[in-house]
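Commentary on secondary and tertiary structure
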There are 2 protein chains.
Amino acid sequence: MLTNRQLLVLKVIVDDFIETAQPVGSRNIAKKESISFSPATIRNEMADLEDLGYLEKTHSSSGRIPSEKGYRYYVDHIMSPLKLSKQEINQIQQSFSDRMIELERVMQNSAHILSELTRYTTLVLGPQVYETKLKQLQIVPLNNQSAIAILITDKGHVEHRSFAIPEELDQSDLEKTVNILNEKLSGVPIVYLDRFIETEVKYLLKKYTNDFHKSYQLLNQALFTEQPTNLYVSGKTNILSQPEFADVDKIRSLFDIMESEEQIAPVLKSEDEGLHIYIGQENKIEEMSNCTLITTTYSLGDNQVGTIALLGPTRMDYAKAVSILDLWSGQMSQTLQKWFTEQ
Amino acid sequence: MLTNRQLLVLKVIVDDFIETAQPVGSRNIAKKESISFSPATIRNEMADLEDLGYLEKTHSSSGRIPSEKGYRYYVDHIMSPLKLSKQEINQIQQSFSDRMIELERVMQNSAHILSELTRYTTLVLGPQVYETKLKQLQIVPLNNQSAIAILITDKGHVEHRSFAIPEELDQSDLEKTVNILNEKLSGVPIVYLDRFIETEVKYLLKKYTNDFHKSYQLLNQALFTEQPTNLYVSGKTNILSQPEFADVDKIRSLFDIMESEEQIAPVLKSEDEGLHIYIGQENKIEEMSNCTLITTTYSLGDNQVGTIALLGPTRMDYAKAVSILDLWSGQMSQTLQKWFTEQ
DNA sequence: GTTAGCACTCAATTGTTTCGAGTGCTAATT
DNA sequence: AATTAGCACTCGAAACAATTGAGTGCTAAC
């Protein structure tokens, strides 16, 4: 257990290093208002903190920098949430106040604003639309081999996928299946699609089509191919202005990661509810091992529906990042709630 | 006018510098097989070429590097197209041989393969679908204020846009307009949409709706808002492995450009038919001033429908890049032709 | 016209020195 | 017993000099 003074010293060092990116020396610490003891005392404390693993030296006679364990302790026990400025709060709130026609646009916009405010990279995983209803389903055959399925939800989300029409499905069956789907599936909440198809649609297909199996296959191709990810990223280049990324190789590997949804999306998807901080090596992706990822989820009612994250150097302004994410996720959840109950 | 020997020297220097990224000295040139005269002679020629502006020195006793004018001359008068390897040709051809359900996927795939082959950044501006027909138009009202328009072309391209429904448009007019549009516009070639609306649709709207103006406004909102750009970019990080981009600031500004479609798309859109090479300062975008952009167009029949481009350092492998672009654009045009006439 | 020869240039590398911010330890002070 | 002053020591960073070598331009010989 750390003494109060050790706590104070650790806090000052982390705060200073977050600001300046330079190792912090005892003399500089002693100059701070909050510090009332001499450099020598601080040196002793620092030596202890280093022994305990909270601090590191870059070389034998340098000042100290926080270790990952130090950041972890800071985040868990020391840091207090930052009070955001009115302006910052306003900006975040405004990203919700625009007339939201499409959820997509809100997401993109939010990502943009958060990356501007924090100067870190923002990743938003769009909502899993549990409660949205299928406003309309359209299957449009393009020719004999292929067709396009278009799903429109009542919240303005449009999704389309092309797929191959099963061979040997005859023309009349195709038409019938398409008609049945188009007619029957409108207005069905997405989560119930499975069940609804089981109970209502299957029976119709059996009744009206010649080759039930082929028709059913068509249906599955149209509705249940690939789960689309909806990841919005903004401020990718922000991370370039951080001094820890002066090295082109690091930049390259990090960018390659950020470019590929397939690698990032699963990480965000697997998040538990609430706010999580992954410091350095704690990240599951190796290329992020000198970054910190802060994630938080947002929800609709009791359902967690999406994730938002900030990616920056381990020397991140944790207090600010956390405050901003908290504010956003609260606002987002609230807005979703309002939006989904209003009409 | 350059002598043959000057031509040869210039060619050797450009080729060597493209390969090594190092200033080329007279001794090294003399060692090449194609060179049968001494370093001293070469030095004289190089001095002349420098006076003429085709070569530069990085400092007073360094070897020479090509100037932008030198590259320009090389590209215009010296370079001969590179014969591609069978493997390279195969890879490009294969990107067309997959069963093309969606044009989008072909584009994305092509961009990927070209960036792999060249190690430069590939930019593809998708086809302006002159000849495609509207397979289906759907306007789906979400609520009283907003609706979504979905356009599906017969080539599987899906486009959607949300828009606000004009206020005070009464319910019955809305329904009627939507019905008329949905019914009448299917199968109409995109280029004729304007005309078709003038001749066929306007008259129907006038006849069946109460407030023609509002309905007509609705139609315009649905069909003619923002022209969506369809830009596919691949291999953005390739450029990071070029030694000329060791500097983080340059990287940053270039990446910021590449992130924003709004800045890139117009450049590609404005291209004249055929192959164009923009070396360094010739680029319209300042941040690209130490890059070369090679663009070429592809076409359907006589109509130029899209553009593809490679972005790399000025020290680019011009011969290879040009050969690859030529091959691709030929294949693409051919494929489009086949595809649009076959059914 | 070509080339050998030579003095000259300059970036890059290496080694040396100096500087200063910082440490750890010990002894004096509170 | 805790704190602090004092001091020797460490080490990176910056400044400077010396060395090296790849390259040039020029002149004179071939």
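Going by the structure above, here's the rest.
Computed from a predicted model, the values in this text were never measured in an experiment. (Residues numbered from 1 in each chain as written. Chains lettered and ligands numbered in written order. Predicted model: local features only at pLDDT ≥ 70, side-chain atom pairs only at ≥ 80, totals over all residues. Heavy atoms only, no water.)

**Let's talk about the overall build of chain A**
On a plain count of helices and strands, chain A comes out with 12 helices and 10 strands. Overall size of chain A, expressed as C-alpha extent along the three principal axes, is 90 × 40 × 35 Å. Going through the 343 residues of chain A one by one, you find that 53% of them count as buried. Total accessible area on chain A is roughly 16,100 Å²; 45% of this is exposed by carbon and sulfur atoms. Taking the average location of the 34 positive side-chain charges in chain A and that of its 47 negative ones, the two points are 5 Å from each other. (Helix = DSSP H or I, 4+ residues; strand = E, 2+ residues; numbered from the N terminus. Buried < 20%, exposed > 50% of the residue type's maximum accessible area, 1.4 Å probe, protein only. Areas by Shrake-Rupley, 256 points an atom, 1.4 Å probe, with all protein chains shown as cover. Lys, Arg positive; Asp, Glu negative; His and termini not counted. Charge placed at Lys NZ, Arg CZ, Asp CG, Glu CD.)

**Thoughts on the pattern of salt bridges**
Taken as a whole and assessed by the stated rule, the structure comprises 26 salt bridges over all chains. Between B:Glu259 and A:Lys236 there is a salt bridge, and its shortest N-O distance comes to 3.8 Å. Of this pair, B:Glu259 sits in helix H10 (residues 248-259) while A:Lys236 sits in the loop between strand E7 (231-234) and helix H10 (248-259), each in a different chain. With a relative accessible area of 31%, B:Glu259 lands in the partly exposed category. Judged by its relative accessible area of 11%, A:Lys236 falls in the buried class. A salt bridge links B:Glu88 to B:Lys320; the shortest N-O distance between them is 3.1 Å. (Salt bridge = Lys/Arg side-chain N within 4 Å of Asp/Glu carboxyl O.)

**Some points on the protein's contact with DNA strand C**
Surrounding DNA strand C, one finds 20 residues, the nearest of these being A:Ser26, A:Met46, B:Thr41, B:Ser60 and B:Ser61. Each atom of DNA strand C within 4 Å of the protein was assigned to sugar, phosphate or base; sugar and phosphate come to 77%. Here a sugar or linking oxygen of DNA strand C sits 2.8 Å away from a polar atom, N or O, in the side chain of B:Ser60. Secondary structure elements with two or more residues in the surface near DNA strand C: helix H2 (26-31) and helix H3 (39-51) of chain A together with helix H3 (39-51) of chain B. The biggest single contributor to the surface near DNA strand C is H3(B), with four residues. Tallied by class, the residues present in the surface near DNA strand C amount to three nonpolar, 12 polar and five charged. (Near = heavy atom within 4 Å. Polar contact = N/O pair within 3.5 Å; in protein donor to acceptor, adjacent residues only side chain to side chain. Nonpolar A, V, L, I, M, F, W, Y, C, P; charged D, E, K, R; others polar.)

**Side note on the relation of the copies chain B and chain A**
Two copies of a chain can be linked by a rotation about an axis combined with a shift along that same axis. The transform that puts chain B on chain A rotates by 180° and translates by 0.1 Å along the axis, for an RMSD of 0.1 Å. Taken together, the turn and the small shift mark the pair as related by a two-fold rotation axis. Considering only C-alpha atoms, the part of chain B nearest the rotation axis is B:Val248, at 3.6 Å. (Least-squares fit on C-alpha atoms with pLDDT ≥ 70 in both.)

**Focus on the protein's contact with DNA strand D**
A:Thr41, A:Ser60, A:Ser61, B:Ser26 and B:Met46 are the nearest of the 20 residues found near DNA strand D. By atom count, sugar and phosphate contribute 77% of the portion of DNA strand D lying within 4 Å of the protein. B:Asn28 places a polar side-chain atom, nitrogen or oxygen, 3.5 Å from a phosphate oxygen of DNA strand D.

**Let's talk about the nonpolar core**
Membership of the largest hydrophobic core comes to 56 residues, with the highest contact counts inside it found for B:Leu10, B:Tyr318 and B:Trp328. A total of 10 residues in this core trace back to one element, the largest contributor, which is helix H12 (residues 318-342) of chain B. If you count residues domain by domain, this core takes at least three from each of domain 1 (4-78) and domain 2 (86-126 + 230-342) of chain B. Counting 55 residues, the second largest nonpolar core, distinct from the first, contains A:Ile42, A:Ile78, A:Ile113 and A:Val124. (Core = buried A, V, L, I, M, F, W, Y, C linked by side-chain atoms within 4.5 Å. Domains from an automatic or database assignment.)

**With respect to the sheet that holds strand E9 (residues 291-300) of chain B**
In a beta sheet, neighbouring strands pair by backbone hydrogen bonds and run either parallel or antiparallel. Residue and element names in this part refer to chain B. As summarised here, the arrangement of the five strands in space is E7-E3-E10-E9-E8, forming an open sheet in which the pairing is antiparallel. Unpaired on one side and paired on the other, strand E7 (231-234) and strand E8 (276-279) mark the two borders of the sheet. Adjacent strand axes in the sheet meet at a mean angle of 15° when their direction is disregarded. Inspection of the sheet shows E8 paired to E9 by four bridges, in the antiparallel sense. When the sheet's bridge partners are listed, histidine 276 is paired in E9 with threonine 295. Together, strand E3 (121-125), E7, E9 and strand E10 (303-313) form the strand contacts of helix H11 (residues 261-269), whose direction differs from that of E3 by roughly 70°. (Pairing = 2+ DSSP bridges. Axes fitted to C-alpha atoms, helices over the stretch in contact; angles between N-to-C directions. Contact = heavy atoms within 4.5 Å.)

**Some points on the interface of chain B and chain A**
Taken residue by residue, the interface counts 40 residues in chain B and 40 residues in chain A. Here chain B packs against chain A, burying approximately 3,300 Å² in sum over the two surfaces, 59% of which is carbon and sulfur. At the boundary of chain B with chain A, the tally comes to two salt bridges. The tally of links from chain B across to chain A stands at six residue pairs in polar contact (both at pLDDT 80 or more). When contributions to the side of chain B that touches chain A are tallied by element, the ones reaching two or more residues are strand E4 (134-141), strand E5 (146-153), strand E6 (158-164) and H10 of chain B. (Buried area = accessible area lost by both parts, 1.4 Å probe.)

**Examining the packing of aromatic side chains**
All names here are of chain A. Scanning the model with the defined rule gives 13 aromatic pairs over all chains in all. Taken together, a centroid distance of 5.3 Å and an interplanar angle of 85° make the contact between tyrosine 298 and tryptophan 328 edge-to-face. Of this pair, tyrosine 298 sits in strand E9 (residues 291-300) while tryptophan 328 sits in helix H12 (residues 318-342), and the two are 30 residues apart along the sequence. The exposure class of tryptophan 328 is buried, given its relative accessible area of 0%. (Phe/Tyr/Trp six-rings, centres within 6.5 Å; stacked < 30°, edge-to-face > 60°.)

**Brief notes about the environment of B:Arg72**
Residue and element names in this part refer to chain B. Within the secondary structure, arginine 72 is located in helix H4 (residues 68-78). On the basis of relative accessibility, which here comes to 22%, the residue arginine 72 falls in the partly exposed class. Remark: the alpha-carbon pair of arginine 72 and serine 323, spanning 251 residues in sequence, is separated by 17 Å. Sequence-distant contacts of arginine 72, that is, excluding residues within four places in its chain, are made with Ile277, Ile279 and Glu282.

**Digging into H10(B)**
For H10(B), with 12 residues, the first-to-last C-alpha span of 16 Å sits near the 16 Å given by 1.5 Å per residue. Restricting attention to buried positions, one finds in H10(B) the residues B:Val248, B:Ile251, B:Arg252, B:Leu254, B:Phe255, B:Ile257 and B:Met258. Along its buried surface, H10(B) packs onto H10 of chain A together with E3, H11, E9 and E10 of chain B. (Expected span 1.5 Å × (residues − 1).)

**Comments concerning the sheet that holds strand E5 (residues 146-153) of chain A**
Residues and elements named next belong to chain A. Spatially, three strands are ordered E4-E5-E6 in an open sheet, and the strand pairing comes out antiparallel. Either end of the sheet is taken by a strand with one partner, and the two such strands are strand E4 (134-141) and strand E6 (158-164). The mean inter-strand angle of the sheet, taken between neighbouring strand axes irrespective of direction, is 15°. In the sheet, E4 pairs with E5 via seven bridges, with the strands oriented antiparallel. Its bridge partner lying in E5, leucine 134 is registered against threonine 153.

**Quick notes on the packing of helix H7 (residues 171-184) of chain B against helix H9 (residues 212-224) of chain B**
Residues and elements named next belong to chain B. One way to put it is that H7 packs onto H9 with a least axis distance of 10 Å and a crossing angle of 50°. Between H7 and H9, the angle falls in the class oblique. When the axes of H7 and H9 are compared, the crossing they make is right-handed. Contact with H7, carried on its side by Asp173, Leu174, Thr177 and Leu181, involves Ser215, Leu218 and Leu219 of H9 and no other residues of that element. Residue classes in the contact of H7 with H9 are distributed as four nonpolar, two polar and one charged. (Parallel < 35°, antiparallel > 145°, perpendicular 65-115°, else oblique. Left-handed = near helix turned anticlockwise from the far one by under 90°.)

**Considerations on the packing of H7(B) against helix H8 (residues 193-208) of chain B**
Residue and element names in this part refer to chain B. Between H7 and H8, the shortest axis-to-axis distance is 10 Å and the interhelical angle comes to 150°. Comparing their axes, H8 and H7 come out roughly antiparallel. For the crossing formed where H7 meets H8, the hand is right-handed. Of the residues in H8, those touching H7 at Lys176, Thr177, Ile180, Leu181 and Lys184 are Phe196, Val201, Leu204, Leu205 and Tyr208.

Everything listed is a geometric property; what it means functionally is a separate question.
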